[in-house]
2 protein chains.
Amino acid sequence: MGLVVPLDESKKKGAARIEPLVALVSADMDLVNQIILSKAGSDVEMIPEVAQHLISSGGKRLRPMLTLAAARMSGYRGDAHVKLAASVEFMHTATLLHDDVVDESEMRRGKQTARMVWGNQASVLVGDFLLGQAFRMMVEVGSLDALDVLSAAATVIAEGEVMQLSAAKNMATTEDEYLAVIKAKTAALFSAAAEVGPIIADKGRDARAAFRSYGTNLGLAFQLIDDALDYGGNSADLGKNVGDDFHEGKITLPVVLAYRRGSEAERAFWQRTLEKGEIQDGDLEKAIGLLRSHKTIEETIERARHYGTVARDALATFPESAWKASLLEVIDFCIERAH
Amino acid sequence: MGLVVPLDESKKKGAARIEPLVALVSADMDLVNQIILSKAGSDVEMIPEVAQHLISSGGKRLRPMLTLAAARMSGYRGDAHVKLAASVEFMHTATLLHDDVVDESEMRRGKQTARMVWGNQASVLVGDFLLGQAFRMMVEVGSLDALDVLSAAATVIAEGEVMQLSAAKNMATTEDEYLAVIKAKTAALFSAAAEVGPIIADKGRDARAAFRSYGTNLGLAFQLIDDALDYGGNSADLGKNVGDDFHEGKITLPVVLAYRRGSEAERAFWQRTLEKGEIQDGDLEKAIGLLRSHKTIEETIERARHYGTVARDALATFPESAWKASLLEVIDFCIERAH
């Protein structure tokens, strides 16, 4: 599944824009990684195996970095942000484990998914374990406001996944319906990850709302670009794992727009491939051709830029600082991945 | 799967021993049921459907009743116990949804499982949703001690399920290994459900330890009897859903003991049926015959009595009251189901 082509030079440039944040949180992130390794442990042999598989698979840890940066930028001087950041990463990891079962995915980040190695059963249960550990760490921190925000996110994420399941294979999905799905399944955790920073720093309503808005809109931009990248993004050559969404029948924005703007024959093509799942050789290439002819990948990236601007303005009233600059650069990082 | 025979008269007698508790918590339980209905709601259509399927399927709600009774017996006069009880039931419901996926179960309590009606995907995700809602309700109550106990239980339950998965289809499982599994997957939630009662009533260490011990041992007795009932219990005729564990290759105590005490030929039988899953017509009847010849169902019930006694003594230092009497009767209820 999917064509694999090495990243091109222009992508490396975009990728570098996460470096200021990585550098600033580096010492805290070492502590997060220690906690993650220790809390993924269990006397039950299979649990650390499955957890390690995912934890060591080279994700960027963007979400816990948001928590660390938001706490520090809010003037927080303690160490509870480390546990909250680890909780956020565990929530994310649990979601990935369950998602791969729900989507019947075979590969993630170029490796076999846990369910292919240990089975669906272990993936469901180890996800439950990590979610339990995430809540235990939050409880250890003891902030009811942080618990409120993160537990609400857990519920919303699950709702988003169910919405996506209901929307799957339905070409009549509107842009608004698509947005409601990604807001719940992706942006809610970005939002909560950022908001718990000012919360443990005892900042008031305005700081919380600002970071919440930053996280939400960054998450929307991030997911829009992810969905554009799944069809090769804006670049002439195709990135890695292109076509996963196509083969899974996921209705993402590039496709929503192409369907709405397409001819009758084109709509029939989308219905055959995405609704009925009848995919033949060459269909992915044809799909990408249609997205390009209607410029819907570019428009998806344009939408991401829109949310990126909202995220940027959400932080505008804070004084300039290295923290703020690094969080603004992350917006560009998320968007420039598409080039 | 499984022979279905109506309950006999002697079972009704045992079943009546839950009535004093049901009567005492009745008003509180109405509130719990209202919260359950409201918190299982979502604008995402599939969620209330799936949740209702399980919630309305006629479980006894034993676990939330423990929370209500433990709180009231501890002198609690507020209404937070209602939310905690609903949280406990949601945690249990989420576990059932995920278990049915893990066990590939087709029937539960005489109805099709949610995964047979809506698919594994919806079962995984709605379980996640209910777990998220459970945590949100706990956070609303705001007791960090109660959150600590219940979030630890969530982790332990998942560990227990993974242990069970690892032990599945291994006839060399010892009684101690079996006990470790049921302590985690079943007794941990009974224990937490009972302990949060004295917690919100601001009782000290001793009351918490007493209710924790009562819950743990009641849970062990409950699960032992469940496992005995799965092979027909102690009664001459067979109860409902007999043979589910046998067909799923679950290694429960009646089988652990029969394997250890059996002849070489009998061990070969257990290995063929439970380890290899090669089950032919008549094998379930032969299995039950072996359990009876080694009296391992009786012994399993004997073990349940042992834990029932520990549960009883855990409450011994509390003054006599209608609450205490009802909780002691529930021990008998759990055990007498087997006759």
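Since this is a predicted model, take the numbers as computed values, not measurements.

What counts and what doesn't
Residues numbered from 1 in each chain as written. Chains lettered and ligands numbered in written order. Predicted model: local features only at pLDDT ≥ 70, side-chain atom pairs only at ≥ 80, totals over all residues. Heavy atoms only, no water. Buried < 20%, exposed > 50% of the residue type's maximum accessible area, 1.4 Å probe, protein only. Helix = DSSP H or I, 4+ residues; strand = E, 2+ residues; numbered from the N terminus. Arc of directions from axis to C-beta. Contact = heavy atoms within 4.5 Å. Core = buried A, V, L, I, M, F, W, Y, C linked by side-chain atoms within 4.5 Å. Phe/Tyr/Trp six-rings, centres within 6.5 Å; stacked < 30°, edge-to-face > 60°. Lys NZ or Arg CZ within 6 Å of the ring centre and 35° of its normal. Least-squares fit on C-alpha atoms with pLDDT ≥ 70 in both. Salt bridge = Lys/Arg side-chain N within 4 Å of Asp/Glu carboxyl O. Domains from an automatic or database assignment. Nonpolar A, V, L, I, M, F, W, Y, C, P; charged D, E, K, R; others polar. Buried area = accessible area lost by both parts, 1.4 Å probe. Polar contact = N/O pair within 3.5 Å; in protein donor to acceptor, adjacent residues only side chain to side chain. Axes fitted to C-alpha atoms, helices over the stretch in contact; angles between N-to-C directions. Parallel < 35°, antiparallel > 145°, perpendicular 65-115°, else oblique.

Peer 1: Please explain helix 12 (residues 264-275) of chain B as it appears in this structure.
Peer 2: Note: α-helices contain 3.6 residues per turn, so residues at a spacing of three or four share the same orientation. Residues and elements named next belong to chain B. Restricting attention to buried positions, one finds in helix 12 the residues E266, F269, W270, T273 and L274. Buried residues along helix 12 cover an arc of 95° about the axis, so they all sit on one side. Residues of helix 12 that are exposed and point over 90 degrees away from its buried face: E264 and A265. Each element contacted by the buried residues of helix 12 is listed here: helix 10 (244-248), helix 11 (253-261) and helix 13 (283-293). Residue G277 follows helix 12 closely and has a positive phi angle near 70°.

Peer 1: Looking at this structure, I do not really get the nonpolar core. What am I missing?
Peer 2: One recurring pattern in soluble globular proteins: nonpolar side chains tend to sit buried together. If you look at the biggest cluster of nonpolar residues, it comprises 244 residues, and the most contacted ones within it are A:M91, A:Y214, A:W270, B:M91, B:Y214 and B:W270. When sequence neighbours within four positions are dropped, the list of residues in contact with A:W270 reads A:M171, A:F246, A:V255, A:A258, A:Y259, A:E275, A:A287, A:L290 and A:L291.

Peer 1: I'm lost on the packing of aromatic side chains in this one. Help?
Peer 2: All names here are of chain B. The full count for this structure, using the stated rule, is nine aromatic pairs over all chains. Pairing Y231 with F246 gives two aromatic rings, centres 6.5 Å apart and planes at 80°, and the pair type is edge-to-face. One end of the pair, Y231, is in the loop between helix 9 (205-229) and helix 10; the other, F246, is in helix 10, and 15 residues separate them in sequence. According to the relative accessible area criterion, Y231 is buried, its value standing at 0%. The interplanar angle of 70° and the centroid separation of 5.3 Å between the aromatic rings of F269 and W270 together place this pair among those described as edge-to-face. Neither F269 nor W270 differs from the other in exposure class; each is buried. Residue placement shows R267 over the ring face of Y259; its charged tip is 5.6 Å from the ring centre.

Peer 1: Before we go on, may I ask you to explain the relation of the copies chain B and chain A in this structure?
Peer 2: For the pair of chain copies, the relating operation is a rotation around an axis with a shift along it. Between chain B and chain A, which share one sequence, the superposing operator has a rotation angle of 180° and an axial displacement of 0.0 Å; the RMSD is 0.0 Å. Such a combination of turn and shift is consistent with a two-fold rotation axis. A symmetric contact is evident, with 100% of the interface residues of chain B recurring at the interface of chain A.

Peer 1: Looking at this structure, how should I read the pattern of salt bridges?
Peer 2: A side chain with one charge can pair with a side chain of the opposite charge if their charged atoms come near. Evaluation of the coordinates by the stated rule reveals 44 salt bridges over all chains. Notably, a salt bridge pairs A:E195 with A:R212, separated by 2.7 Å at the nearest N-O pair. One end of the pair, A:E195, is in helix 8 (residues 175-200); the other, A:R212, is in helix 9 (residues 205-229), and 17 residues separate them in sequence. When its relative accessible area of 3% is taken as the criterion, A:E195 is described as buried. Its relative accessible area of 34% is what places A:R212 among the partly exposed residues. B:D332 serves as the salt-bridge partner of B:R312, at 3.2 Å between the closest nitrogen and oxygen.

Peer 1: Help me understand the domain arrangement of chain A in this model?
Peer 2: Interfaces are often sized by the accessible area lost when the parts come together. Residues and elements named next belong to chain A. According to the domain assignment, chain A consists of domain 1 (14-144) and domain 2 (152-328). Placing a centre on the C-alpha atoms of domain 1 and another on those of domain 2 gives a separation of 21 Å. Each partner contributes residues to the interface: domain 1 has 32 residues there, and domain 2 has 29 residues. For the pair domain 1 and domain 2, the interface holds one salt bridge. Mapped by element, the contributors of at least two residues to the side of domain 1 that touches domain 2 are helix 2 (19-39), helix 4 (62-73), helix 5 (80-103) and helix 6 (114-141). A per-element tally of the side of domain 1 that touches domain 2 places helix 5 first, with ten residues. For the side of domain 1 that touches domain 2, a count of residues per class yields 18 nonpolar, eight polar and six charged.

Peer 1: Would you take a moment to explain the interface of chain B and chain A for this structure?
Peer 2: Every contact between the two is made by 35 residues of chain B and, on the other side, 35 residues of chain A. Carbon and sulfur atoms make up 77% of the area that chain B and chain A hide from each other, which totals about 3300 Å². When the buried area of chain B at its contact with chain A is split by residue, B:Q121, B:L125 and B:V162 rank highest and sum to 17% of it. Taken together, chain B and chain A are joined by ten residue pairs in polar contact (both at pLDDT 80 or more). At the level of elements, helix 3 (46-55), helix 5 (80-103), helix 6 (114-141) and helix 7 (144-167) of chain B are the ones that each hand at least two residues to the side of chain B that touches chain A. The element that contributes the greatest number of residues to the side of chain B that touches chain A is helix 7 of chain B, accounting for 14 residues. Looking at the side of chain B that touches chain A, its residues break down into 20 nonpolar, nine polar and six charged.

Peer 1: Even after reading the chapter, I still don't get the packing of helix 5 of chain B against helix 8 (residues 175-200) of chain B, so can you show me in this structure?
Peer 2: Any two packed helices are characterised by how steeply their axes cross, that is the angle between the axes, and by the distance between the axes. Residue and element names in this part refer to chain B. One can describe the packing of helix 5 onto helix 8 by two numbers: an axis separation of 10 Å at closest approach and a directional angle of 170°. Judged by the inter-axis angle, helix 5 sits roughly antiparallel to helix 8. For the pair helix 5 and helix 8, contact is made by A80, H81, L84, V88, M91 and H92 and by L189, A193, V196 and I200, respectively. Residue composition of the contact of helix 5 with helix 8, by class: eight nonpolar, two polar and no charged.

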